[in-house]
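# Examination of the molecular architecture
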Amino acid sequence: MSIAQEQALTDVLVEGGAHFELLPHRHTETARAEARALGLELDEVAKTVIVRTPNGYVRVVVPASGRVDLGKLRALLGTEGVEGVIRLATESELAAAYPGFDLGAVPPLGGPAGDTVVLDLSLTRHVRLVFEAGTHEESVRLKTDDLVNLADATIGDVCEA
């Protein structure tokens, strides 16, 4: 993990009083591969999907096996009926908005301030979650409650059925 990536995430965790573990692993490109590399079940690993809205970026945290339902997300954010307003961020947008993190490894915390964080309801049944730490070679294990509190996350059903 680069110094910028480490500081962006760990500063938030330390300042928030969270107890966490950094979990190094082989290079992975997907949350499913991350789970395999760490010897975890898919539902123990969360991935962050970045969505572009008129009000900025939203970090949507879903299970490794899940997919974001943009219709459900629109309803949760109160923008239903406005097609095209909410969409997945492009790779170029991600690179520009999150330069301190590897492309495809943006964590739900750290980095640019002001992002809304939405956590899929299904993840709240886990005491701890694992997610990318800003790089494809390291993850973080954190109490789900700490993630919700530190990110001021909105909880809702945002995964495809």
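Presented here is an overview of the structure given in this document. (Residues numbered from 1 in each chain as written. Predicted model: local features only at pLDDT ≥ 70, side-chain atom pairs only at ≥ 80, totals over all residues. Heavy atoms only, no water.)

Once that is clear, we can look at the layout of surface pockets. By volume, the largest pocket amounts to about 670 Å³. Surrounding the largest pocket, 26 residues form its lining, K47, T48, V49, I50 and G104 being those nearest its centre. Looking at the lining of the largest pocket, the elements with two or more residues in it are α2 (31-38), β2 (46-53), α4 (91-97) and β6 (128-135). Residue contributions to the lining of the largest pocket peak at five residues, all from β2. Residues of the lining of the largest pocket, tallied by class, amount to 14 nonpolar, four polar and eight charged. (1 Å grid on protein atoms, 1.4 Å probe; cavity = no way out; pocket = protein on both sides within 12 Å on 5 of 7 lines; lining within 4 Å. Points joined across faces, edges and corners; volume = space filled by probe spheres on them. Helix = DSSP H or I, 4+ residues; strand = E, 2+ residues; numbered from the N terminus. Nonpolar A, V, L, I, M, F, W, Y, C, P; charged D, E, K, R; others polar.)

Along the chain, C159 turns up in the segment after β8 (154-156). The buried category is assigned to C159, whose relative accessible area is 9%. Separated by 24 residues in the primary sequence, C159 and T135 place their C-alpha atoms 24 Å from one another. For C159, the contacting residues outside a window of four places in its chain are V62, P63, G66, R67, D69, K72 and D120. (Buried < 20%, exposed > 50% of the residue type's maximum accessible area, 1.4 Å probe, protein only. Contact = heavy atoms within 4.5 Å.)

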